[in-house]
Amino acid sequence: MKKGLVWIRRDLRLHDHAALSAATKECDEVSLVFVFDKKILEKLEPEDRRVSFIYEALLEIEEKVGVHTLVGDPIKLIPELFKKLKIDHLYFNRDYEPYALKRDNKVIREIGNVSTYKDSVFFEPHEVLKGDGSPYTVFTPYKRRWLEAFLNQGKNISDYKVNLNKIKKGNSKLKLELFKKMGFQKTQNTLVGGTSKGKKLLSSFGKKIANYDKTRDFPAMEGTSNLSVYIRFGCISIRDMIRLSLKNKSSGHDIWLSELIWREFYQMILGQFPHVVKKEFKPKYEGIPWSGTTKEFNAWKEGRTGFPIVDAAMRCLNETGMMPNRLRMVVASFLCKTLLVDWKKGEKYFASKLLDFDLAANNGGWQWSSSTGCDAQPYFRIFNPYSQSQKFDGEGEFIKKWCPELSSLNSKKIHQPDLADMIELAEAGCTLGKDYPFPIVSYTKSRQKALKMYKKALS
Ligand SMILES: Cc1cc2nc3c(=O)[nH]c(=O)nc-3n(C[C@H](O)[C@H](O)[C@H](O)COP(=O)(O)OP(=O)(O)OC[C@H]3O[C@@H](n4cnc5c(N)ncnc54)[C@H](O)[C@@H]3O)c2cc1C
């Protein structure tokens, strides 16, 4: 009897799963294992939302089949379990992050009988390259080549069927005590972990995807899918998402598929240029003399900069672990180009808070916003937080939700309360400097400083 072990990591689901599909085809009996990696846990705060999300996703899997849930070092634990259960072959889906690659190679060396699979992306970092075999560094030609490759294989989207009957059942062992053992607290997230919630969101987004291109930038309209955390932890598959984007034809469908290709673009950049984890993609941007202070950085983190759209977005992040894409761009640009704080600090803060944190997408988003990345916006393009706010949150609905102290200001002044006169502020019951901060810097002056700072670094 051939026994297989499937090590699940960022693929917490039981359907359309490359490694599980292969294991249940090739083996008579398959066990599942997930390891809460101590090296990752050590860096997190006790109320980290992602630990709860993973726990919920595992619980859902456990309702159907057994999962060995372990806490510690996978490099030790996986080979130990492999021996203990007398397994013949280990299966897992590939992960392209530098830490994961090192870890996985060690496990492969230790065990030997291992098969790995492409699963979390449609094309792996080495699969979409220029004619001369070098990687793309600009999105549009990458996307063109990606689509060409997709058409060349006949738009064929595999569905990796899983034979659940081959997976060993087990008495449910996951208990809330696990949180205590790991030193974490269970959080209540609005986005609950698991495939059923992921599929529900996918299906409800299917009803509005045609308008995605028109609504996605307006935070109060909630025109995006909210699926990032479900794809990050693999509660749904990338193929589930691509299938939806092809279900009908509209500019909404097309633009959404483009976003999925952006995701693969950044995975490719991370895979091909791993130096981006620590440094600017473009070396000439390495020496920027960031002059922002710790006080300014803290005000940004806590949502008390005196710029309502920035504060609303940061409070939303702190409270929910999520932030709409348009606002991620606004607050990232604000941190590096208005407060003049090193983008790497912002990247690290996002990494600590985002429920959907993904090294490739986060690093790509920050390097784009700070103009240090490949195909980034030019350094002299600086988002004006006031006009972004007027354009994308015209009535101030998003601001009102997260900065209730401003909610009685009219839709003109809510974007810049320091322009309101004494009477307007008194009528709104808001005292600047007490209920809501004065702007921590002058946007116009900072803009000039930012331009000088970038120019100096580049000269
Ligand atoms: C500074 C900054 C940091 C970011 N950090 C992350 C991160 O850690 N994790 C993350 O998943 N996304 C990140 N993004 C990209 C984007 O903001 C989120 O993917 C998106 O807001 C998630 O919401 P959604 O699922 O409703 O997206 P939708 O608009 O519905 O898009 C569908 C999917 O496409 C992918 N996607 C969309 N936009 C991007 C993009 N610009 N880059 C890469 N993938 C994209 C995501 O998987 C997303 O779920 C970041 C963007 C910026 C500017």
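Residues numbered from 1 in each chain as written. Predicted model: local features only at pLDDT ≥ 70, side-chain atom pairs only at ≥ 80, totals over all residues. Heavy atoms only, no water.

Enquirer: What am I meant to see in the packing of aromatic side chains here?
Expert: Given two aromatic rings, one states the distance between the centres and the angle between the planes to describe the pair. Counted according to the given criterion, the structure contains 34 aromatic pairs. Positioned over the ring face of Trp7 is Arg9, at 4.4 Å from the centre of the ring. A cation over an aromatic ring shows up here: Arg232 above the ring of Phe233, its NZ or CZ 4.6 Å from the ring centre. (Phe/Tyr/Trp six-rings, centres within 6.5 Å; stacked < 30°, edge-to-face > 60°. Lys NZ or Arg CZ within 6 Å of the ring centre and 35° of its normal.)

Enquirer: Even after reading the chapter, I still don't get the layout of surface pockets, so can you show me in this structure?
Expert: Empty pockets left among the atoms are what a rolling probe the size of a water molecule brings to light. By volume, the second largest pocket is sized at about 1400 Å³. Along the wall of the second largest pocket there are 37 residues; nearest its centre are Ile40, Lys43, Glu97, Tyr99 and Phe357. Elements supplying a minimum of two residues to the lining of the second largest pocket: strand S2 (29-37), helix H2 (38-41), helix H3 (49-64), helix H5 (98-111), helix H16 (343-353) and helix H17 (359-369). Counting residues per element, the lining of the second largest pocket draws most heavily on H16, which supplies 5 residues. Split into classes, the residues belonging to the lining of the second largest pocket amount to 19 nonpolar, 2 polar and 16 charged. (1 Å grid on protein atoms, 1.4 Å probe; cavity = no way out; pocket = protein on both sides within 12 Å on 5 of 7 lines; lining within 4 Å. Points joined across faces, edges and corners; volume = space filled by probe spheres on them. Helix = DSSP H or I, 4+ residues; strand = E, 2+ residues; numbered from the N terminus. Nonpolar A, V, L, I, M, F, W, Y, C, P; charged D, E, K, R; others polar.)

Enquirer: It is not clear to me how the domain arrangement of the protein chain should be interpreted in this structure. Could you clarify?
Expert: How big an interface is tends to be reported as the loss of accessible area on association of its parts. Along its sequence, the protein chain is organised into domain 1 (3-119), domain 2 (121-157 + 195-272) and domain 3 (283-458). Each of domain 1 and domain 3 was reduced to a C-alpha centroid, and the two centroids are 38 Å apart. Contact residues are listed per partner, giving 8 residues for domain 1 and 12 residues for domain 3. Buried surface at the junction of domain 1 and domain 3, both sides included, amounts to about 690 Å², of which 43% is carbon and sulfur. On the domain 1 side of the interface with domain 3, the three residues burying the most area are Arg49, Arg50 and Glu97, jointly 71% of the side's total. Here domain 1 is connected to domain 3 by 2 salt bridges. Between Arg10 and Asp358 there is a salt bridge whose closest N-O contact spans 2.7 Å. Scanning the region where domain 1 abuts domain 3 turns up 5 residue pairs in polar contact (both at pLDDT 80 or more). Considering each element in turn, the side of domain 1 that touches domain 3 owes the most residues, 3 residues, to H3. The residue inventory of the side of domain 1 that touches domain 3, partitioned by class, reads 2 nonpolar, no polar and 6 charged. (Domains from an automatic or database assignment. Contact = heavy atoms within 4.5 Å. Buried area = accessible area lost by both parts, 1.4 Å probe. Salt bridge = Lys/Arg side-chain N within 4 Å of Asp/Glu carboxyl O. Polar contact = N/O pair within 3.5 Å; in protein donor to acceptor, adjacent residues only side chain to side chain.)

Enquirer: For this particular structure, what's the right way to read the site of the ligand?
Expert: Lining the immediate environment of the ligand, one finds 27 residues, of which Tyr212, Thr224, Ser225, Asn226 and Asn325 sit closest. One of the side-chain nitrogen or oxygen atoms of Tyr212 is found 2.5 Å away from an oxygen atom of the ligand. The side chain of Asn362 places a nitrogen or oxygen atom 3.1 Å from a nitrogen atom of the ligand. Alone, the ligand offers 820 Å² of accessible surface; in the complex the protein occludes 95% of this. Listing elements by their share of the shell around the ligand, those giving two or more residues are helix H10 (228-232), helix H12 (251-272), helix H15 (325-337) and H17. Residues of the shell around the ligand, tallied by class, amount to 15 nonpolar, 7 polar and 5 charged. Two domains each put at least three residues into the shell around the ligand: domain 2 (121-157 + 195-272) and domain 3 (283-458). (Near = heavy atom within 4 Å. Areas by Shrake-Rupley, 256 points an atom, 1.4 Å probe, with all protein chains shown as cover.)

Enquirer: Could you clarify how one ought to interpret the pattern of salt bridges in this entry?
Expert: All told, the structure shown has 28 salt bridges when counted by the stated rule. A salt bridge links Asp119 to Arg13, with the shortest nitrogen-to-oxygen separation between them at 2.8 Å. Linking Asp119 in the loop between strand S5 (114-117) and helix H6 (139-152) with Arg13 in the loop between strand S1 (3-7) and helix H1 (18-26), this pair joins segments that are 106 residues apart in sequence. Of the two residues, Asp119 and Arg13, neither departs from the other in class, the shared state being buried. A salt bridge links Asp240 to Arg243, with the nearest nitrogen and oxygen atoms 3.2 Å apart. (Buried < 20%, exposed > 50% of the residue type's maximum accessible area, 1.4 Å probe, protein only.)

Enquirer: Explain the sheet that holds S5 to me, please; I cannot follow it from the model alone.
Expert: Strands sit in the order S3-S2-S1-S4-S5 across an open sheet of 5 strands; the sheet is parallel. Both edges of this open sheet fall to strand S3 (68-72) and S5, since each of them pairs with a single strand only. Neighbour-to-neighbour, the strand axes of this sheet turn through a mean angle of 25°, independent of strand direction. Two strands pair when backbone bridges link them, and S1 and strand S4 (residues 89-93) are joined in this way by 3 bridges, in the parallel orientation. Bridging across to S4, Gly4 finds its partner in His89. Here H3 sits on the sheet and contacts S2 and S3; the angle it forms with S2, its principal contact strand, is near 165°. Set on the sheet, H5 makes contact with S1, S2, S4 and S5; between it and S4 the angle comes to about 165°. (Pairing = 2+ DSSP bridges. Axes fitted to C-alpha atoms, helices over the stretch in contact; angles between N-to-C directions.)

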